[in-house]
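Residue strings, one per chain:
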Amino acid sequence: MAPSSPPAIAAVGRALPPHRVEQETLIEAFRALWARQHFNLERLEDLHRAVRVGGRNLALPLDQYPALDTFQKRNDAWIRAARDLGAEAMKRALEAARLPLDSVDHLFFVTVTGIATPSTDALLVNALGLREDLKRTPIFGLGCVGGAAGIARAADYLRAFPDQVAVLLSVELCSLTLQREDLSIPNIIASGLFGDGAAAVVLEGGGRSPARARFPRVRATRAVFYRDTERIMGWDVVDTGFKVVLSARVPVLVRERIRGDVDAFLAAHGLDRSRIKHWVAHTGGPKVLRAFEEALELPERALERSHRALEETGNLSSASVLFVLGELMDEEGEPPREGDLGVLLAMGPGFCSELVLLEW
Amino acid sequence: MSAPSNPDSSPPPAGAPGEDELRRQALVEIRRILGEQRAAAASANVELSQALVADIHLDSMELLTLAVGLENRFRVKLNEADSAGIVTVGDLVDLVVRRAMAGRSAP
């Protein structure tokens, strides 16, 4: 059998929860909590301003959070909100791809902010009326790299089944993981940086013809694992839920490793960085974005969409890079042209990177 | 590990510790905070002459945690401008003691 085209990304659907709260309002809400242990509150307020996030869309109204004082209460709220927001993102994505809900053959579901069994993808079979022979792959634990890794794994699958449709759904409700009693600096930074959102990516196998006039294909992917860096990012799972592990080494590692990894990846496909027109970078935070820009010697404004996404929604963990991809694909001013190349990249707990080479 | 217990925000009493005692307490507190982030055995050996970054290899998150911990323990504020002259553990102890003594003489 002749090899078919690489899998195509037909559409990205995005959904933000309705409860918009500006950063200054959140700072105000956190002040009383911080004052229980901390003396210099201005310093902590400055930390929340330094992450360059304008506000977050929260899964629940702000006044409902204090009552969520156990892991069970937070996770129960997560299960309901993740199902509803995930359904919204999936409906939007399939509508944009002009495909019916029952066209989906495989649903990859990624998250790192809540757990459910049956998993959220199963709840969506019922909520959305998906097919009974739907193949489901729930993926927990990849953190911020999950969006990029999810595209890569869905593309791997479609290379084996080129006539099928796969959806990657990422739902991250970071606000429902907040450990209010953890007044450590990493947790205070995390509570200023991370937000809630869901993104669904419709991928079609190379044997199919997506409805949209112009779309990228997943030409190649690469996973890169950084040995012995387990404490750089992650969760400590404690009695009250997920306690954040976050080290200042994250931007350092980006600076040390990402250029070599990207160059090696591109070289394996006969390319170099000068050929890449579009950079779709995970919105880790201002320091991480600056590290990407400097290490990869990117032109000014190359990561403008990532900066804007950070400002508008905060870091949405695995969903962030998918929001940025969606913005690029739906760009009306100067949309990507046929033949354009792009690199989608994210890093996450492991510590590790996932790189995706896109071709329009 | 025996952490100094000072959970309350009450101001120092009339018989507040003198400068030498404050210096001793600041070093103990630095060792305690570092011990929470690093191996306790290594932090117990931290000395005044050691450089925070060059010798102890603290990263920005650890430095911030250290500054916030000292602020909480001694009820002082250490700002961005302060950090310019701080290289060693001794510099940091001096700064904390200076701020704590100044805060004491204020009304």
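Residues numbered from 1 in each chain as written. Chains lettered and ligands numbered in written order. Predicted model: local features only at pLDDT ≥ 70, side-chain atom pairs only at ≥ 80, totals over all residues.

A. Spatial organisation of the overall build of chain A. For chain A, the helix and strand inventory stands at ten helices and 13 strands. Taking 2.2 N^0.38 as the reference for a compact globule, 360 residues should give roughly 21 Å; the C-alpha atoms of chain A span a radius of gyration of 20 Å, in line with that estimate. Of the contacts formed within chain A by residues at least 6 apart in sequence, a portion of 81% connects residues at least 24 apart. (Helix = DSSP H or I, 4+ residues; strand = E, 2+ residues; numbered from the N terminus. Rg over C-alpha atoms; globule rule 2.2 N^0.38 Å. Contact = placed C-beta atoms within 7 Å.)

B. Just the domain arrangement of chain A, in detail. All names here are of chain A. Segmenting chain A into domains produces domain 1 (8–204) and domain 2 (217–359). Between domain 1 and domain 2, the residue contacts involve 47 residues of the former and 42 residues of the latter. The set of elements that each furnish at least two residues to the side of domain 1 that touches domain 2 consists of β1 (8–15), β3 (55–58), α3 (71–96), α5 (146–160), β6 (165–173), α6 (185–193) and β7 (196–204). If you tally residues by element for the side of domain 1 that touches domain 2, the top one is α5, at eight residues. The class makeup of the residues in the side of domain 1 that touches domain 2 is 26 nonpolar, 14 polar and seven charged. (Domains from an automatic or database assignment. Nonpolar A, V, L, I, M, F, W, Y, C, P; charged D, E, K, R; others polar.)

C. Representation of unusual backbone geometry in the model. All names here are of chain A. The peptide bond linking Thr117 to Pro118 adopts the cis configuration, its omega dihedral lying at 0°. Tracing the backbone through its elements, the reader meets Pro118 in the loop between β4 (106–111) and α4 (120–128). The step from Gly350 to Phe351 runs through a cis peptide bond, and the omega angle for that step is -5°. Mapped onto the fold, Phe351 is located in the loop between β12 (341–348) and β13 (352–359). Here Glu297, not a glycine, exhibits a phi torsion of approximately 50°, which is positive. In this structure Glu297 comes out as exposed when scored by C-beta crowding, with 10 C-beta atoms within 10 Å. For Ser317, which is not glycine, the phi torsion reads 50° and is therefore positive. Positionally, Ser317 belongs in the loop between α9 (304–313) and α10 (320–329). (Buried ≥ 20, exposed ≤ 12 C-beta atoms within 10 Å, placed from the backbone.)

D. The arrangement of the interface of chain B and chain A in detail. With ten residues of chain B at the contact, the number on the chain A side is ten residues. Within the side of chain B that touches chain A, the residues separate by chemical class into three nonpolar, three polar and four charged.

E. Highlighting α4 of chain A. Residues and elements named next belong to chain A. Taken as a whole, α4 has its buried residues at Thr120, Asp121 and Leu124. One side of α4 holds all its buried residues, which, seen down the axis, span an arc of 95°. Where α4 is buried, its residues touch α3, β4, β5 (135–140) and β6. After α4 finishes, the residue Gly129 shows a positive phi value of roughly 70°. (Arc of directions from axis to C-beta.)

F. Spatial organisation of the packing of α9 of chain A against α10 of chain A. Residues and elements named next belong to chain A. It is the contact of α9 with α10, at a shortest axis distance of 10 Å, that shows an interaxial angle of 120°. One finds that α9 runs oblique with respect to α10. Here the hand of the crossing between α9 and α10 comes out right-handed. Touching Arg305, Ser306, Ala309 and Thr313 of α9 are Ser320, Phe323, Val324, Glu327 and Leu328, all from α10. Taken together, the residues of the contact of α9 with α10 break down into four nonpolar, three polar and two charged. (Axes fitted to C-alpha atoms, helices over the stretch in contact; angles between N-to-C directions. Parallel < 35°, antiparallel > 145°, perpendicular 65-115°, else oblique. Left-handed = near helix turned anticlockwise from the far one by under 90°.)

G. Expanded view of the confidence of the model for chain B. When the pLDDT values of chain B are averaged, the result is 82; 79% of them are 70 or greater. The ipTM, which scores confidence in the relative placement of chains, is 0.77 for this predicted complex, and the corresponding pTM is 0.91. (pLDDT = per-residue confidence, 0-100.)

H. Seen up close, helix α1 (residues 23–35) of chain A. With 13 residues, α1 of chain A extends 18 Å between its outermost C-alpha atoms, agreeing within 8% with the 18 Å of an ideal straight helix rising 1.5 Å per residue. Maximal helix bending in α1 of chain A amounts to about 30°, located at Ala29 of chain A. (Expected span 1.5 Å × (residues − 1). Bend = angle between axes of the 7 residues up to and from the residue.)

I. View of the pairing of strand β11 (residues 278–281) of chain A. All names here are of chain A. Alternating residues of β11 divide into His278 and Val280 and Trp279 and Ala281, and every residue in both groups is buried. Looking at chain direction, β11 and β12 are connected through four bridges and run parallel. Directly across from His278, in β12, lies its bridge partner Gly342. (Pairing = 2+ DSSP bridges.)

J. Region of the structure containing the environment of Ala190 of chain A. Residue and element names in this part refer to chain A. Its location among the elements puts Ala190 in helix α6. On the basis of neighbour count, Ala190 is assigned to the buried category, with 22 C-beta atoms found within 10 Å. Residues Ala190 and His48, spaced 142 residues apart in sequence, show a C-alpha to C-alpha distance of 8.9 Å. Not counting the four nearest positions on each side in its chain, Ala190 is found in contact with Val244 and Leu246.

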